[in-house]
Amino acid sequence: MDTIRAYAPATVANVCCGFDILGFAMDSPGDEVVLRRTRNDEVFVSAIHGDGGLLPLDPTKNTASVAVRAFQEATGLRFGVSIELYKNLPLGSGMGSSAASAAAAVVAINALAGSPLSRHELVPFAMEAERVACGSAHADNVAPSILGGFVLIRDYQPLDVIKLPIDLELYCTLVHPHLEVKTSDSRKILRPVIALKDSITQSGNVAGLITGLFTKDLSLVSRSLKDVIAEPVRSVFIPGYDRIRQMAMECGALGAGISGSGPTMFALSANREVAQQTGARLQQHFSSLDIHSDILVSKINPEGAEVRS
Ligand code: HSE
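Thresholds applied
- Residues numbered from 1 in each chain as written.
- Predicted model: local features only at pLDDT ≥ 70, side-chain atom pairs only at ≥ 80, totals over all residues.
- Heavy atoms only, no water.
- Salt bridge = Lys/Arg side-chain N within 4 Å of Asp/Glu carboxyl O.
- Helix = DSSP H or I, 4+ residues; strand = E, 2+ residues; numbered from the N terminus.
- Buried < 20%, exposed > 50% of the residue type's maximum accessible area, 1.4 Å probe, protein only.
- Expected span 1.5 Å × (residues − 1).
- Arc of directions from axis to C-beta.
- Contact = heavy atoms within 4.5 Å.
- Polar contact = N/O pair within 3.5 Å; in protein donor to acceptor, adjacent residues only side chain to side chain.
- Phe/Tyr/Trp six-rings, centres within 6.5 Å; stacked < 30°, edge-to-face > 60°.
- Domains from an automatic or database assignment.
- Buried area = accessible area lost by both parts, 1.4 Å probe.
- Nonpolar A, V, L, I, M, F, W, Y, C, P; charged D, E, K, R; others polar.

### A closer look at the pattern of salt bridges
It is possible for side chains of opposite charge to pair when their charged atoms get near one another.
Link 1 in the chain: Overall, the coordinates contain 13 salt bridges when judged by the stated rule.
Link 2 in the chain: Linking Lys216 and Asp167 is a salt bridge whose minimum nitrogen-to-oxygen distance equals 3.5 Å. Separated by 49 residues along the polypeptide, Lys216 in the loop between α6 (196-215) and α7 (218-224) and Asp167 in the loop between β6 (159-163) and β7 (171-177) bring together distant segments of the chain.
Link 3 in the chain: A relative accessible area of 59% means that Asp167 is categorised as exposed.
Link 4 in the chain: What you see here is one network of salt bridges that share partners, running through Arg5, Glu32, Glu306 and Arg308.

In structure tokens, the structure reads:
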């Protein structure tokens, strides 16, 4: 096989209380890559579609090629590839855009190499791409994009990534206001030290959220979708943040918060109608502030990235 096409979905990182340690995958949208084997060992980006010319073609800077190069180096892969990237996710949106390109690329190169590595083993290569994209090798977008479902990063040193065995039908609403927030910027403003009482609240919510997802206790899920660490600081980027959370609850959503580092807001709901109503309500809110926005409603994607041909 000389050519592989792979898809990797958008992701919601943090899921309110799990800053850098929790994320889940959407069914769609997502990015696609086409990798073609080359005669030498060079890895290069041949074309990017859909980014408006904003992403780097430089293989040391593009997240797809960085992830492929990390894979190539670690496995001693003897061939190179050209990478064609179909960028469907908006940049700087908080929907795991840089992660999806990297996730699709590592899944594709692994398939092209005859699948020497497991999905879990691919995560560190995509994390290298995150380091290049925003200065931090967080895994809460790349891991769910590669593995699907809800993923917990129990630890980073050493890396311990756990795909959570959750059997609960949930719908995610994403409302993407047309404002750009760079992950690197929204990480810089975070406080380096947190108060003990906030750590206690946050730990309780993470444990509550995961327990609620396991036991299908929607009220517990709802009570646990709160962040006292990152969102209070980052909410300055999102006009009407508190009202948005309240509106989502009024529509019947289980909870809402900032998707990853924002500015996209996400809400989780138990059914599609509520998820759609929530999207419409939040879009109305942004329109009233003269901010255009897109709504996406999707189930949780259980499988993550996929090889398409
Ligand atoms: N956990 C990361 C952050 C996700 O919140 O900065 C970035 O999408």
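After that view, the rundown keeps rolling.
### Observations regarding helix α10 (residues 272-288)
Link 1 in the chain: The terminal C-alpha atoms of α10 lie 24 Å apart, and with 17 residues this matches the ideal 24 Å at 1.5 Å per residue to within 8%.
Link 2 in the chain: Those residues of α10 lying buried are Val274, Ala275, Thr278, Gly279, Leu282, His285 and Phe286. Here the buried residues of α10 occupy an arc of 140° about the axis, which is enough to place them on one side. Along α10, exposed side chains directed more than 90 degrees from the buried face belong to Gln284 and Ser288.
Link 3 in the chain: Its buried side turned inward, α10 meets β7, α9 (241-250), β9 (265-269) and β10 (293-299).
Link 4 in the chain: Of the residues flanking the start of α10, the one acting as N-cap is Asn271, its side-chain oxygen 3.1 Å from the backbone nitrogen of Glu273.

### Section: the packing of aromatic side chains
Link 1 in the chain: Under the definition given, this model contains three aromatic pairs.
Link 2 in the chain: For the pair Phe24 and Phe150, a centre-to-centre distance of 5.0 Å together with 45° between the ring planes defines the contact as tilted. Of the two residues, Phe24 sits in strand β2 (residues 22-37) while Phe150 sits in strand β5 (residues 150-156), which places them 126 residues apart along the sequence. Each member of the pair Phe24 and Phe150 is classed as buried.
Link 3 in the chain: Both rings, one in Phe24 and one in Phe266, keep their centres 6.2 Å apart while their planes meet at 70°; by these two values the pair is edge-to-face. Of the two residues, Phe24 sits in strand β2 while Phe266 sits in strand β9, which places them 242 residues apart along the sequence. For the residue pair Phe24 and Phe266, the accessibility class agrees, reading buried in each case.

### Section: the domain arrangement of the chain
Link 1 in the chain: When cut into domains, the chain gives domain 1 (3-165) and domain 2 (171-299).
Link 2 in the chain: Summarising the inter-unit geometry, the C-alpha centres of domain 1 and domain 2 are found 24 Å apart.
Link 3 in the chain: Across the contact, 31 residues belong to domain 1 and 39 residues belong to domain 2.
Link 4 in the chain: Taken over both partners, the interface formed by domain 1 and domain 2 buries close to 2,500 Å², and the fraction arising from carbon and sulfur atoms is 70%.
Link 5 in the chain: Where domain 1 touches domain 2, the interface holds one salt bridge.
Link 6 in the chain: With its nearest N and O atoms 2.7 Å apart, the salt bridge here joins Arg187 to Asp20.
Link 7 in the chain: Here domain 1 is connected to domain 2 by 11 residue pairs in polar contact (both at pLDDT 80 or more).
Link 8 in the chain: Elements with a minimum of two residues in the side of domain 1 that touches domain 2: β1 (3-13), β2 and β5.
Link 9 in the chain: A breakdown of the residues in the side of domain 1 that touches domain 2 according to their chemical character gives 20 nonpolar, nine polar and two charged.

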